[in-house]
Amino acid sequence: MGWNDHIDFDLHDTVSDAVDEGYIEDGTPAYGVAQQVIHEGYDSLTDKQKWVYDHQVLPALKGLQEERDAEHRRYLLERD
């Protein structure tokens, strides 16, 4: 196994985008928990950390995805 076999690169990219777009703030517990999931997986979280991930990180990622979907729909409608 290599040094990065456990890293979730897709989640890393999504969390980076969420930080860039203001959905997650760098340095917050949500950011730290997201980083732990990226590097060690969801099962490595304590119950409190799972709560943060489920109630703060996931809604932020969902909000980012919804914004992207809305932008894509607007693009498609304007294109026609």
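Predicted model only: the values in this text are computed from it and were never measured.

Scanning the protein chain from terminus to terminus reveals 3 helices and 0 strands. Reading the secondary structure of the protein chain in the N-to-C direction produces α-α-α. What you see for the protein chain is a C-alpha radius of gyration of 15 Å, clearly larger than the 12 Å of a compact globule of 80 residues, by over 25%. Taking the principal axes of its C-alpha atoms as reference, the protein chain extends roughly 50 × 30 × 20 Å. Excluding contacts between residues fewer than 6 apart, the proportion of contacts in the protein chain whose partners are at least 24 apart in sequence is 49%. For the protein chain, the exposed surface amounts to about 5,800 Å²; the carbon and sulfur share of it is 49%. Distance between charge centroids for the protein chain: 7 Å, based on 7 positive and 19 negative side chains.

This brings us to the packing of helix α1 (residues 9–20) against helix α2 (residues 29–40). Relative orientation of the contacting elements α1 and α2 amounts to 165°, with a least axis distance of 9 Å. Here α2 runs roughly antiparallel to α1, going by the angle between their axes. The chirality of how α1 crosses α2 is left-handed. Facing Leu11, His12, Val15 and Val19 of α1, the residues of α2 in contact are Tyr31, Ala34, Gln35, Val37 and Ile38. For the contact of α1 with α2, a count of residues per class yields 7 nonpolar, 2 polar and no charged.

Okay, the confidence of the model for the protein chain next. In the predicted model, the protein chain carries a mean pLDDT of 92, and 92% of its residues have values of at least 70. α2 holds the highest mean pLDDT among the elements of the protein chain, 97, whereas helix α3 (residues 47–79) holds the lowest, 95.

This part is about the packing of aromatic side chains. Following the criterion strictly, the structure yields 1 aromatic pair and no others. With 5.7 Å between their ring centres and 65° between their planes, Tyr42 and Tyr53 make a pair best called edge-to-face. In this pair, Tyr42 sits in the loop between α2 and α3 while Tyr53 sits in helix α3, placing the two residues 11 residues apart along the sequence.

This brings us to α2. Compared with an ideal rise of 1.5 Å per residue, which puts 12 residues at 16 Å, α2 spans 16 Å between its outermost C-alpha atoms and is within 8% of the ideal. Restricting attention to buried positions, one finds in α2 the residues Ala30, Val33, Ala34, Gln35, Gln36, Val37 and Ile38. Buried residues belonging to α2 abut α1 and α3. Once α2 ends, the next one or two residues include Gly41, with phi positive near 90°.

Thresholds, definitions, all that
Residues numbered from 1 in each chain as written. Predicted model: local features only at pLDDT ≥ 70, side-chain atom pairs only at ≥ 80, totals over all residues. Heavy atoms only, no water. Helix = DSSP H or I, 4+ residues; strand = E, 2+ residues; numbered from the N terminus. Rg over C-alpha atoms; globule rule 2.2 N^0.38 Å. Contact = heavy atoms within 4.5 Å. Areas by Shrake-Rupley, 256 points an atom, 1.4 Å probe, with all protein chains shown as cover. Lys, Arg positive; Asp, Glu negative; His and termini not counted. Charge placed at Lys NZ, Arg CZ, Asp CG, Glu CD. Axes fitted to C-alpha atoms, helices over the stretch in contact; angles between N-to-C directions. Parallel < 35°, antiparallel > 145°, perpendicular 65-115°, else oblique. Left-handed = near helix turned anticlockwise from the far one by under 90°. Nonpolar A, V, L, I, M, F, W, Y, C, P; charged D, E, K, R; others polar. pLDDT = per-residue confidence, 0-100. Phe/Tyr/Trp six-rings, centres within 6.5 Å; stacked < 30°, edge-to-face > 60°. Expected span 1.5 Å × (residues − 1). Buried < 20%, exposed > 50% of the residue type's maximum accessible area, 1.4 Å probe, protein only.

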